[in-house]
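Breakdown of the fold
Read off the chains here:
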Amino acid sequence: MAEERRGAWFGFGFCGFGQALGSGRGRQVHSPEPLRAPGAGLDVCRVSASWSYTAFVTRGGGQVELSGFTVGAAGGCRDAWASEELLVVLRTGPGPGAGTELQAWAPGSALRGEPLWAQTVPEAEREDGPGGDETQAGPLPLLPCARAYVSPRPPFYRPLAPTLRARRLELGAEHALLLDAAGQVFSWGGGRHGQLGHGTLEAEPEPRLLQALQGLTMAEVAAGGWHSLCVSEAGDIYIWGWNESGQLALPTKSLAEDGKTTAEASGLNEDGSEVKRVAGGEDGAPAPFIAVQPFPALLDLPLGSDAVKASCGSRHTAVVTRTGELYTWGWGEKPQGPVERMAKQLISL
């Protein structure tokens, strides 16, 4: 779909159900044609096309109109997102003084009866269109274009503390990391692999400030399956959590077992990291490795490179430097086993 001017839309593609694409002649519209909106004189400001139907949102009264295999209409809408499984609309809730609601409907309901679920959302930041139209709004929350998803179940919503202004949120398998507006890092959730960074293996039910990083301003956070990482404004990397596959770029059990293993012992470093020793190397001396790092550890990249971006997979880590180098470490291709040593690959950014 494309908008040429205010209210002028063009469309093309499959139109077997009367989705009002182009002129509507035949089942295929092969080149862009003026959109045949349902209803005369409708001033369309937004269009969302699914396979079998199309949702139109108009200016002024904020009417949503459905055309195609699914038909229907409803007022008080600011935005709509159409799919074969769900029709999601952002509209004014029922009753006097009601706020804005995110509502999920079964497409076949024709917007009649009750939605599958409805969730009150904060007022969307308006992006006034031509003429300062107030029905224009920011992107719908919980949508693929917003790097999230729509679920048939109601979204879980819990407000943060009033003093906590979130800048970025990262989710691991059992934990969450939050970077606030001041560059501080908070973590909560499961902690059995040290992924929270508080020096223990205990869970935290509420966001808790990482004391070990106080005084340092962070620019990036990333959460892996059971490990965590953050990058400071100065380009330093701090990493903690589970090191089973070398995802922390610290000594791993696999490296320690290069020789024949006869016994294993464990203990704690002064910083609380769980250090284990495997006996039976060439000289018989125990070879240390770190299984769990419950405190943030400063990690140096080769040549003193500064990091600017970071990302974590379930058991691997990737960092991009200021000069455009990509460093990766941790679990490699499964049949070949883990990649314990840090690998560097130059890429063109």
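Residues numbered from 1 in each chain as written. Predicted model: local features only at pLDDT ≥ 70, side-chain atom pairs only at ≥ 80, totals over all residues. Heavy atoms only, no water.

Structural notes on the overall build of the protein chain
Helix and strand counts for the protein chain come out as 1 helix and 25 strands. When contacts within the protein chain are restricted to residue pairs at least 6 apart in sequence, those whose partners lie at least 24 apart make up 40%. Carbon and sulfur atoms form 52% of the exposed surface of the protein chain, whose accessible area is close to 18,300 Å². (Helix = DSSP H or I, 4+ residues; strand = E, 2+ residues; numbered from the N terminus. Contact = heavy atoms within 4.5 Å. Areas by Shrake-Rupley, 256 points an atom, 1.4 Å probe, with all protein chains shown as cover.)

Some thoughts on the packing of aromatic side chains
On inspection of all chains with the given rule, the structure shows 5 aromatic pairs. Aromatic side chains Phe 17 and Trp 51 sit 5.3 Å apart centroid to centroid with 75° between the ring planes, which places their arrangement in the edge-to-face category. Placement of the pair is Phe 17 in the loop between strand S2 (8-14) and strand S3 (28-34) and Trp 51 in the loop between strand S4 (44-49) and strand S5 (53-58), with a sequence separation of 34 residues. Summarising the aromatic geometry, the rings of Trp 226 and Trp 242 are spaced 5.7 Å apart at their centres and angled 90° between planes, so their arrangement reads as edge-to-face. Here Trp 242 lies in strand S18 (residues 237-242) and Trp 226 lies in the loop between strand S16 (218-223) and strand S17 (227-232), a separation of 16 residues in the sequence. Clustering of aromatic rings is evident, with ring pairs tying together Phe 14, Phe 17, Trp 51 and Phe 69. In this structure, Arg 315 is placed above the aromatic ring of Trp 331, and the distance from its NZ or CZ to the ring centre is 4.6 Å. (Phe/Tyr/Trp six-rings, centres within 6.5 Å; stacked < 30°, edge-to-face > 60°. Lys NZ or Arg CZ within 6 Å of the ring centre and 35° of its normal.)

Remarks on the nonpolar core
With 16 residues, the main nonpolar core has Leu 229, Ile 237, Ile 239, Leu 301, Ala 307, Val 319 and Trp 329 as its most contacted residues. Those elements giving two or more residues to this core turn out to be S17, S18, strand S21 (287-299), strand S22 (307-312) and strand S24 (325-330). Considering every element that reaches this core, the biggest residue donor is S22, with 3 residues. Counting 14 residues, the second-largest nonpolar core is a separate cluster that includes Cys 45, Val 64, Leu 66 and Ala 74. (Core = buried A, V, L, I, M, F, W, Y, C linked by side-chain atoms within 4.5 Å. Buried < 20%, exposed > 50% of the residue type's maximum accessible area, 1.4 Å probe, protein only.)

Concerning the pattern of salt bridges
Summed over the entire model, instances satisfying the criterion amount to 8 salt bridges. Here Arg 168 ties to Glu 220 by a salt bridge, and the two come within 2.8 Å at their closest N and O atoms. Pair noted here: Arg 168 is in strand S12 (residues 166-171) and Glu 220 is in strand S16, with a separation of 52 residues, a long-range link. With a closest N to O distance of 2.7 Å, Arg 208 and Glu 204 form a salt bridge. Judged by its relative accessible area of 34%, Arg 208 falls in the partly exposed class. What makes Glu 204 buried here is its relative accessible area of 17%. (Salt bridge = Lys/Arg side-chain N within 4 Å of Asp/Glu carboxyl O.)

Some details on the sheet that holds S4
The strand order across the open sheet formed by 4 strands is S4-S5-S6-S7, and the pairing between neighbours is antiparallel. Every interior strand has two partners, whereas the edge strands, S4 and strand S7 (72-74), have only one. For this sheet the average axis-to-axis angle between neighbouring strands, irrespective of direction, equals 15°. Across 5 bridges, S4 lies against S5 in antiparallel orientation. Looking at the pairing, Ala 49 lines up with Thr 54 of S5. (Pairing = 2+ DSSP bridges. Axes fitted to C-alpha atoms, helices over the stretch in contact; angles between N-to-C directions.)

Observations concerning the sheet that holds strand S13 (residues 175-180)
Strand pairing in a sheet relies on backbone hydrogen bonds. The paired strands run either parallel or antiparallel. Spatially, S12-S13-S14-S15 is the arrangement adopted by the 4 strands of the open sheet, whose pairing is antiparallel. The sheet is open, and its two edges are formed by S12 and strand S15 (204-209), each paired on a single side. The sheet shows a mean angle of 15° between the axes of neighbouring strands, taken without regard to direction. In the sheet, strand S14 (residues 185-189) pairs with S15 via 3 bridges, with the strands oriented antiparallel. Its bridge partner being in S15, Phe 186 is matched across the sheet by Leu 209.

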